[in-house]
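Residue-level listing of the chains:
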Amino acid sequence: MELNIALLPGDGIGPEVVGQAVKVVDAVAEKFGHKINWTSALTGAAAIDAVGDPYPDATHEVCLAADAVLFGAIGHPRYDNDPKAPVRPEQGLLKMRKKLGLFANVRPTFTFPSLIDNSPLKRERIEGTDLIILRELTGGIYFGERGRKDNGDTAFDTCTYTRAEVQRLAKLGFEMAMNRRKKLCCVDKANVLESSRLWRETVQDMEKDFPEVEVSYEFVDAVAMRLVQWPSSYDVIITENLFGDILTDEASVISGSMGLMPSASIGLHTSLFEPIHGSYPQAAGKDIANPLATVLSAAMLFEDAFGLKEEAALIRSVVDKSLAEGVVTEDLAGKNKAYKTSEVGDWLAAQIGLRETAETSVQ
Ligand code: IPM
Ligand code: MN
């Protein structure tokens, strides 16, 4: 199969972690006889520096023309303490989501048996966790009307949703639940917010179309608590943009490391795959960042964008092996030897190559 993939390394550790995913994808392609056409493009601070726009039109064209996008991270400390900066790298991410119509962000949360004691949460609470947070990504307070009044002394951001926006996200949630444990939890703040009441009403109306799915409705403050108390009780969670932003960071704690969690953003055009961590500028260029979240995002890319399940499974199995054998970066190494980012990438790619030999020798 010929796969056209747009490569958006972005800022900070983005280029390093994406570089390892490329090694892994190329190794998988070699093994399965696929042809990958990579096209790189600029985003974030790197794109501001080059052309003054964090998501340039040229990059958008590259994404539209591709079958899938592999993305690193966006953000630069130069902008963090400057609330008056005219353009910010993060605007590139928001513009990209909007222009590509990426209305659904899929963030799976699961535990790795070999890392279960890395989590700050007790083993018995998190064992068996396997949930997906489906976050609405192109609406809500992120994109609502905002501004200042009273000579700048009053500021406002508004959260707006249409029924259609809720429906398309909820439909994906119901469909995912049907392929899993058939449980859907709609997270909102319907005791206070009108937009949340629209969410709840819309999802309630859709229940009849998915009679096998058991639907629950929970307030976001309560979920913030239950997510770390009984994470294994959840299957698919659907929620609006800002609640999803917060809950997905919280959920990453369950797995024990942000450096492990992949994500997919899907919508109207090309789907995008990225690690959930940020650009981690302190580590940029040091060859120490954990590439596994990006590598696992590449596994999602094979499976979700191309339906190539075996390829995805192979990537996941070599990642599991690297965790079990301690071929990991310093964030996971503990007292053991820490491998460099590039060494982990090389090891994974080599394992993928070896796997064929191992299988052949068994036969
Ligand atoms: C994320 C990030 C972004 C968001 C930022 C960088 C704009 O935190 O992808 O979760 O808030 O959506
Ligand atoms: Mn976030």
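Residues numbered from 1 in each chain as written. Chains lettered and ligands numbered in written order. Predicted model: local features only at pLDDT ≥ 70, side-chain atom pairs only at ≥ 80, totals over all residues. Heavy atoms only, no water.

In the annotation of an unreviewed UniProt entry, the protein chain is listed under the name 3-isopropylmalate dehydrogenase and assigned to Parapedobacter indicus. The record in UniProt for the protein chain states the following under Catalytic activity (unreviewed entry): "(2R,3S)-3-isopropylmalate + NAD(+) = 4-methyl-2-oxopentanoate + CO2 + NADH". Its UniProt record, at the heading Function (unreviewed entry), says of the protein chain: "Catalyzes the oxidation of 3-carboxy-2-hydroxy-4-methylpentanoate (3-isopropylmalate) to 3-carboxy-4-methyl-2-oxopentanoate. The product decarboxylates to 4-methyl-2 oxopentanoate." (UniProt positions renumbered as here; feature names shortened; annotations may be inferred.)

Some points on the UniProt feature "domain: Isopropylmalate dehydrogenase-like" (unreviewed entry) in the protein chain
UniProt records the feature "domain: Isopropylmalate dehydrogenase-like" (unreviewed entry) at residues 4-348, using the numbering of this structure. Along residues 4-348 one finds 44% helix and 19% strand; the C-alpha atoms at either end are 22 Å apart. (Helix = DSSP H or I, 4+ residues; strand = E, 2+ residues; numbered from the N terminus.)

Considering the side chain of Thr138
Positionally, Thr138 belongs in the loop between strand E5 (130-136) and strand E6 (146-149). With a relative accessible area of 4%, Thr138 lands in the buried category. If we ignore the near neighbours within four places in the chain, the residues touching Thr138 are Arg97, Lys98, Leu102, Phe103, Phe143, Glu165, Arg168 and Asn241. (Buried < 20%, exposed > 50% of the residue type's maximum accessible area, 1.4 Å probe, protein only. Contact = heavy atoms within 4.5 Å.)

What to know about the packing of aromatic side chains
Inspection of the entire model under this criterion finds three aromatic pairs. Look at Tyr161 and Trp199: their rings are 5.3 Å apart centre to centre, the planes differ by 90°, and that puts the pair in the edge-to-face class. Taken as a pair, Tyr161 in the loop between strand E7 (154-157) and helix H7 (163-178) and Trp199 in helix H8 (residues 194-206) lie far apart in primary sequence, 38 residues in all. With relative accessibility at 2%, the residue Trp199 sits in the buried group. Relative to Phe210, the ring of Phe174 lies with its centre 4.5 Å away and its plane at 10°, an arrangement referred to as stacked. Within this pair, whereas Phe174 is found in helix H7, its partner Phe210 is found in the loop between H8 and strand E9 (214-219), the two being separated by 36 residues in sequence. For the pair formed by Phe174 and Phe210, the shared burial category is buried. Taking the ring centre of Phe32 as reference, the NZ or CZ of Lys31 above it sits at 5.5 Å. Lying across the ring of Tyr339, Lys337 places its NZ or CZ 4.2 Å from the centre. (Phe/Tyr/Trp six-rings, centres within 6.5 Å; stacked < 30°, edge-to-face > 60°. Lys NZ or Arg CZ within 6 Å of the ring centre and 35° of its normal.)

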